[in-house]
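This is what each chain is made of:
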Amino acid sequence: MRTVNEVSKLTGVSVRTLHHYDAIGLLKPTKITEVGYRLYDDTAIRRLQNILLFRELQFPLKQIKSILDSPMFDQKEALKQQIKLLELQRKHIDELISFARDIQKGGVDKMNFNAFDKTEIEQYSEEVKKRWGSTKTYKEYEQKIKEKTNEERTAIANELLSLFAEMGNLRKYSPEEKEVQEKIRKLQAFITENYYNCTDEILNGLGQMYVCDERMKQNIDKAGGDGTAEFVKQAICIYCKDREI
């Protein structure tokens, strides 16, 4: 555990800023001692690293909080996106430097504003924001979670894992079997009731994430046995496709 002063020295973030992050819920201390000292563990430090990277990319604090708190958030995927954005920024800066040097050398005969174009960076930034659910869906999720105690949240998470365990027991059947499809219907209804309105489009996207997100895949396979995540994804694809007819 590190004190707020130690975190400030380690990261270069002022104590005042860390206090502000705490006040707005962006970076809460892991523990507050009896005398009021804020303490941060390694998980909190990693979250701060993400905050600083997104700040370097000019993301607003409110947007960063939505991204990091999103139930869809994945550390590895986010890092890939951050690297991509930083590379785009470096490319943009290199073009500006080259443009300025041309002017310095007196070799520019006409005005050229192409070097100032940030369209590519802005478009990719918007893709990142949309990817992590800065949407009505996330706001609905956030509101429902706020209304529940920690015990209730844990109970809901365990019930969700139980659903995956039940689906794992059905892997001997084809994913299109009625019994399997009924479980998918229950999964969709459960998510809608406890998290956010789970449309067929969102459910289909979740099915893909259950396989592509390594952490999700491991948790689902742990609950229902190896291959459960892939089985659920296939069953969801069939479920959503049938409902399109």
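Residues numbered from 1 in each chain as written. Predicted model: local features only at pLDDT ≥ 70, side-chain atom pairs only at ≥ 80, totals over all residues. Heavy atoms only, no water.

Enquirer: Lay out the environment of Leu-39 with the relevant residues and their values.
Expert: In this structure, Leu-39 sits in strand β3 (residues 38–40). For Leu-39, a relative accessible area of 15% gives the class buried. Residues Leu-39 and Pro-29 lie ten residues apart in sequence; the distance between their C-alpha atoms is 5.5 Å. If sequence neighbours within four positions are ignored, Leu-39 has contacts with Met-1, Arg-2, Thr-3, Pro-29, Thr-30, Lys-31 and Thr-33. (Helix = DSSP H or I, 4+ residues; strand = E, 2+ residues; numbered from the N terminus. Buried < 20%, exposed > 50% of the residue type's maximum accessible area, 1.4 Å probe, protein only. Contact = heavy atoms within 4.5 Å.)

Enquirer: Account for the sheet that holds strand β1 (residues 2–3), naming residues and giving values.
Expert: Within the open sheet, the three strands sit side by side as β1-β3-β2. Their pairing is antiparallel. The two strands at the open ends of the sheet, each matched to only one other strand, are β1 and β2 (31–32). By the bridge criterion, two bridges tie β1 to β3 in an arrangement that is antiparallel. Counted as the bridge partner of Thr-3 is Leu-39 from β3. (Pairing = 2+ DSSP bridges.)

Enquirer: Residues and numbers for helix α5 (residues 75–105), please.
Expert: Between the first and last C-alpha of α5 there are 45 Å, a value that for 31 residues agrees with the 45 Å anticipated at 1.5 Å per step. Among all positions of α5, only Ala-78, Gln-81, Gln-82, Leu-85, Leu-88, His-92 and Phe-99 are buried. (Expected span 1.5 Å × (residues − 1).)

Enquirer: Explain the packing of aromatic side chains to me, and be specific about the residues and the numbers.
Expert: Within this structure, the stated rule accounts for three aromatic pairs. Aromatic pair Phe-190 and Tyr-195: ring centres 6.5 Å apart, planes at 65°, arrangement edge-to-face. Of the two residues examined, Phe-190 and Tyr-195, each falls in the buried class. (Phe/Tyr/Trp six-rings, centres within 6.5 Å; stacked < 30°, edge-to-face > 60°.)

Enquirer: For a negative patch on the surface, give the residues involved together with the corresponding values.
Expert: A surface patch of like charges, here negative, comprises Glu-176, Glu-177, Glu-179 and Asp-242. With respect to the secondary-structure elements, Glu-177 resides in the loop between α8 (150–168) and α9 (178–194). The partly exposed category is assigned to Glu-177, whose relative accessible area is 39%. (Patch = residues over 30% accessible without salt bridge, like charges linked within 9 Å, V, L, I, M, F, W, Y side chains within 5 Å. Areas by Shrake-Rupley, 256 points an atom, 1.4 Å probe, with all protein chains shown as cover. Salt bridge = Lys/Arg side-chain N within 4 Å of Asp/Glu carboxyl O. Lys, Arg positive; Asp, Glu negative; His and termini not counted. Charge placed at Lys NZ, Arg CZ, Asp CG, Glu CD.)

Enquirer: Tell me about the pattern of salt bridges, residues and numbers included.
Expert: Under the defined criterion, the tally for this structure stands at seven salt bridges. The network of salt bridges with shared partners includes Asp-22, Lys-28 and Arg-38.

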